[in-house]
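A closer look at the structure
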Amino acid sequence: MEALTMTAQLILALAILVTLHELGHYLAARAFGIKVEKFYLFFDAWGFKFFSFKKGDTEYGIGWLPLGGYVKISGMIDESMDREAMSKPPQPYEFRSKPRWQRLIVMLGGIIMNVILGIVIYTFMLLHYTESYLPAANVTDGIQAYDLGLKAGLRDGDLVTEINGKPYERFEDLLGTKILFGADLTIIRGGQKLVTTVPNDFYKSVKEAGSGNFIGTRQSCLQIERVEPGMPASSAGVKEGDKQIAIEGLRTMSIAAVQTKLKNLKGKPVSITVLRGTDTLTLMPVVSDSGRIGVAYKPFLGNYPMQAYGLSKALRYGTHDAFQAIIVNIKGLRQIFKGKEKVGDSLQGPVGIAREFGGIWNWARFWMLTGLLSMVLAFMNLLPIPALDGGHVLFLLIEMITQRKLSDKFLEKAQMVGMILLLSLMIFVFGNDIFKALS
């Protein structure tokens, strides 16, 4: 059942992302009077499809292979490799007959749509799920430094006033992606202004221990959002709303760290310390054979005055967070090219992404991952690789600079090379996913 839930979430996310990406190309093409022959969600490989219908000049349908989708734009060299159509004289309604600037917009249409979708989802998440944020200025009693924070030179009670020399508004920014690849944190300690440096390879520590092992507020904990009936936590007396301040005596804000601890204690009792109102309780659920006690956590930063987002701030921070996702991906790719990260450890395919969604349908997690994937899809499609949108954009920019059209034969060969590269990458990530799942 869990595998089915993971697969369903992945397919729904892909359906949303692919449909809107291809819609970007479709709308741009139609705006310039370019004929679109096909619009397909998923691939109708070898002619197989679930259904299709034709309206006007365009055939719409859903293919059987959920690895993407496509629009077939008339007069364009694409994955269809329709040499017969390209050998005929150009027609006014074809892609190749249009000015270069129009063709460039058509090729950027999918990327632009994914960026818009990403911003909308991130904004929606802040408005609907997060609702408010903790202003950094309200954390007057300083931070709680966990293991990773202590290693970075931070101490309990430090007031962090700047990230990389700039003031920040949301305390959550200290816990997010801005510091994964290193940052200078300006702090006030004992009335003195100091600067401590988070190392450039901090992301490795976060990957191993979880971001919640860095810092929190002095009141931070993990709030128990849901207790599953019949599971060990319920039997041990854990209740929704309890605030877990320690597990086996370890204070942490990292859900991943808690899950790792539980997996190492399968079949054994685990000590969890919780706050219930003004009482501090120690409960001893026995960890199941699957490494679970049956609770769902959410981070709780404390009883500080919060600030509601509102539409304007949600849009501003949603845009910021969406582009921050792209920045992190760029920095991550840079680490791979520098040889500091193994390709197999950094890339995930459909199987790995499905596992990220999890075996329980959680709409907040679904939208968070869908928004992230939308921004990643936009970035990946902008890479100057033949067969991707970025490859077409690169060739169009070369034409615009040189004022010379690249030959159809060159574009066909480039398309073929790109398709081989993408197919090879797809085989690699599938194999890598399966290897990780079995190891």
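It should be noted that the structure appears before, not after, this text.
Residues numbered from 1 in each chain as written. Predicted model: local features only at pLDDT ≥ 70, side-chain atom pairs only at ≥ 80, totals over all residues. Heavy atoms only, no water.

Counting secondary structure elements, the chain contains 13 helices and 17 strands. Referenced to the eigenvectors of the C-alpha coordinate spread, the extents of the chain come out at roughly 80 × 50 × 40 Å. When burial is assessed residue by residue, the chain has 46% of its 439 residues classed as buried. Sequence separation of at least 24 residues holds for 66% of the intrachain contacts in the chain that already meet a minimum separation of 6. When the accessible surface of the chain is totalled, it reaches about 22,500 Å², and 61% of it is carbon and sulfur. Positive and negative side-chain charges in the chain, numbering 48 and 39 respectively, have mean positions lying 3 Å apart. (Helix = DSSP H or I, 4+ residues; strand = E, 2+ residues; numbered from the N terminus. Buried < 20%, exposed > 50% of the residue type's maximum accessible area, 1.4 Å probe, protein only. Contact = heavy atoms within 4.5 Å. Areas by Shrake-Rupley, 256 points an atom, 1.4 Å probe, with all protein chains shown as cover. Lys, Arg positive; Asp, Glu negative; His and termini not counted. Charge placed at Lys NZ, Arg CZ, Asp CG, Glu CD.)

Okay, the side chain of T273 next. Relative to the assigned elements, T273 resides in strand β14 (residues 272–276). Apart from the residues lying within four places of it in its own chain, the contact partners of T273 are K243, Q244, I245, A246, T280, L281 and T282.

Turning our attention to the sheet that holds strand β2 (residues 49–55). Read from one edge of the open sheet, four strands run β2-β3-β1-β4, paired in mixed fashion. Among the strands making up the open sheet, the edge pair consists of β2 and β4 (65–73). Averaged over all neighbouring strand pairs, the angle between strand axes comes to 10°, with direction disregarded. As paired elements, strand β1 (residues 36–43) and β4 share six bridges and run antiparallel to each other. Bridge assignment links L41 to a residue of β4, and that residue is G69. (Pairing = 2+ DSSP bridges. Axes fitted to C-alpha atoms, helices over the stretch in contact; angles between N-to-C directions.)

Glancing now at empty space enclosed by the protein. Taken as a whole and judged by the stated rule, the model has three cavities of 30 Å³ or more. In this structure, the largest cavity encloses a volume near 250 Å³. For the largest cavity, the lining is made up of 19 residues, of which I77, F95, R103, H392 and L411 are closest to its centre. Among the elements of the structure, α3 (100–130), α12 (389–402) and α13 (408–438) are those that each provide at least two residues to the lining of the largest cavity. Broken down by element, the residue count for the lining of the largest cavity peaks at five residues, all from α12. The residue makeup of the lining of the largest cavity, split by class, is ten nonpolar, four polar and five charged. (1 Å grid on protein atoms, 1.4 Å probe; cavity = no way out; pocket = protein on both sides within 12 Å on 5 of 7 lines; lining within 4 Å. Points joined across faces, edges and corners; volume = space filled by probe spheres on them. Nonpolar A, V, L, I, M, F, W, Y, C, P; charged D, E, K, R; others polar.)

Next up on the list: helix α7 (residues 255–263). Of all the residues in α7, the buried ones are A257, V258 and L262. The buried residues of α7 occupy an angular sector of 135° when the element is viewed end-on, so they sit on one face. Those residues of α7 hidden inside the fold are in contact with α5 (202–209), β12 (221–227), β13 (243–247) and β16 (295–300). Where α7 begins, one side-chain oxygen reaches toward the backbone nitrogen of A257, 2.9 Å away; that side chain belongs to S254. (Arc of directions from axis to C-beta. Polar contact = N/O pair within 3.5 Å; in protein donor to acceptor, adjacent residues only side chain to side chain.)

Core analysis: the biggest nonpolar cluster contains 31 residues, and L154, L174, L185 and F214 have the highest contact counts within it. Elements with a minimum of two residues in this core: β6 (143–145), β7 (159–163), β9 (183–189) and α5. If one sorts the elements of this core by residue count, α5 sits on top with four residues. Setting aside its immediate chain neighbours within four residues, F214 contacts Q144, A145, Y146, L148, G149, A152, L154, L174, I179, L185, V198 and F202. (Core = buried A, V, L, I, M, F, W, Y, C linked by side-chain atoms within 4.5 Å.)

Within the open sheet, the five strands sit side by side as β15-β14-β13-β12-β16. Their pairing is antiparallel. Edge positions in the sheet fall to β15 (279–283) and β16, since each of these pairs with one other strand and no more. The mean inter-strand angle of the sheet, taken between neighbouring strand axes irrespective of direction, is 40°. Bridge analysis of β12 against β13 gives two bridges, and the strand direction is antiparallel.

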